[in-house]
Amino acid sequence: MLRWLALLTCISLLYAANTNYMDVCIDGKHHKTEPGKEDALHGQCTPWKEKACCSQNTSEAAHDDTSYLYNFNWDHCGIMSKECKEHFIQDTCFYECSPNLGPWIQEVNQTWRRERILDVPLCKEDCEKWYNDCSLDFTCMDNWHSGWNWTSKVNQCPRGKSCQKFTEVFPTAKDLCEKLWSNSYKYTEDKRGSGLCMQMWFEGDNPNVKVAKYYADLLNSAESLCLHLLVLLLPLGIFWTL
């Protein structure tokens, strides 16, 4: 059995070592199957118009309160401030439109999507500003992916959960960025322009292309190294004596 497990591991690493992490779209509810030019993207989603995983309709819905995208109500604890809501719109645009999330895409078994993102490294400034601009707003949940009362088909605070300031629910910017969407994002100390973290906000050329390539190269290098080690070890009979 262990022999076959070793062989299957070797094959899977060979496949992974040739994975294309660049210019790919998440297999999600509203994503396109592949990125392409979208001249008519709306509002805060326009930075991705040259190569987008979202359509014009999706970009417009990203700006709507309780839109058809996910029926999610930003105002579940009172009217969210304009400054705070802009970050959630940008977050939606980033998730729906970016073709640069390949290194962090993971398969999931969910009714509404087959893939998600995990531990996307966000630049420190993006997390900090998001946190500061929402500091006076209110919410009742620290994980917005689950636990809501959906009986009205729109998310509402579940029984026993009271509305509190963001700063009470999320004590730090790290808590906000990492807990909000089940670790979809990872808080980093890296700065914008470092080439090591993803920017939700940008104008002009997309800086996230360089970041995605850096992490894609790391993944493919690591997977290739593991494969070569297995290839060297197998003839020595190490696995066959297990």
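Scope of this entry: the structure provided in the associated data block. Residue indices begin from 1 for each chain and proceed along its sequence in written order. Residue-level local features of this predicted model are given only where pLDDT is at least 70; pairs of side-chain atoms are given and counted only at 80 or more, and the full residue set underlies all totals for whole chains, interfaces and linings. Excluding hydrogens and water, the side-chain values take into account all heavy atoms of the structure.

Another point: the overall build of the chain. Helix and strand counts for the chain come out as seven helices and six strands. A simple rule labels every residue: compare its accessible area, found with a 1.4 Å probe on the protein chains alone, to the largest value its type can have, and call it buried under 20%, exposed over 50%, or partly exposed in between. The buried share among the 242 residues of the chain stands at 45%. Once local pairs closer than 6 in sequence are excluded, the contacts in the chain between residues at least 24 apart make up 65%. The Shrake-Rupley method, run with a 1.4 Å probe sphere, supplies the accessible areas, and residue values consider only the shown protein chains as cover. For the chain, the exposed area adds up to about 13100 Å²; of that, 55% sits on carbon and sulfur atoms. Secondary structure elements follow DSSP: runs of H or I no shorter than four residues count as helices, runs of E no shorter than two count as strands, and numbering proceeds from the N terminus. Note on contacts: a residue pair qualifies if any of its non-hydrogen atoms lie within 4.5 Å across the two residues.

This part is about the nonpolar core. Ranked by internal contacts, the top residues of the largest apolar core, which has 49 residues, are Phe-88, Phe-94, Trp-130, Trp-144, Phe-166 and Tyr-185. In contact with Phe-94, not counting residues within four places along its chain, are Trp-48, Leu-101, Val-120, Leu-122, Tyr-185, Met-198, Gln-199, Met-200 and Asn-208. Only buried residues count toward a nonpolar core, which is a set of Ala, Val, Leu, Ile, Met, Phe, Trp, Tyr and Cys residues joined through side-chain atoms within 4.5 Å.

For Phe, Tyr and Trp, rings pair up if their centres lie within 6.5 Å, where Trp contributes its six-membered ring, and each pair is then called stacked (planes under 30 degrees apart), edge-to-face (over 60) or tilted (otherwise). Throughout the structure, instances matching the rule amount to 19 aromatic pairs. Between the aromatic rings of Phe-72 and Trp-148, the centroid separation amounts to 5.5 Å while the plane-to-plane angle is 90 degrees, which identifies the pairing as edge-to-face. In this pair, Phe-72 is assigned in the loop between helix 2 (56–61) and helix 3 (82–97) and Trp-148 in the loop between strand 4 (138–139) and strand 5 (164–165), connecting sequence segments 76 residues apart. Like Trp-148, Phe-72 is buried. Ring centres of Trp-74 and Trp-144 lie 6.3 Å apart, and the angle between their planes is 35 degrees; this geometry places the pair in the tilted category.

With respect to the helices, strands and loops of the structure, Glu-178 is situated in helix 6 (residues 173–179). Distance and chemistry together define a polar contact, namely a pair of N or O atoms within 3.5 Å, with one atom able to donate a hydrogen and the other to accept it when in protein, and with adjacent residues in sequence counting only for side-chain atoms on both sides. A distance of 3.0 Å separates a polar side-chain atom of Glu-178 from the backbone nitrogen of Tyr-187. Filtering out sequence-adjacent residues up to four positions away, Glu-178 remains in contact with Asn-183, Ser-184, Tyr-185, Lys-186 and Tyr-187.

The next point concerns helix 4 (residues 124–133). Here helix 4 has its buried residues at Asp-126, Cys-127, Trp-130 and Tyr-131. Along helix 4, the residues classed as buried sweep out an arc of 125 degrees about the axis, all on the same side. Against the buried residues of helix 4 lie helix 3, strand 3 (120–122), helix 5 (166–169), helix 6 and strand 6 (185–187). Note that the arc is defined by the directions from the helix axis to the C-beta atoms.

Interpretation note: all reported values are geometric properties and have no functional meaning in isolation.
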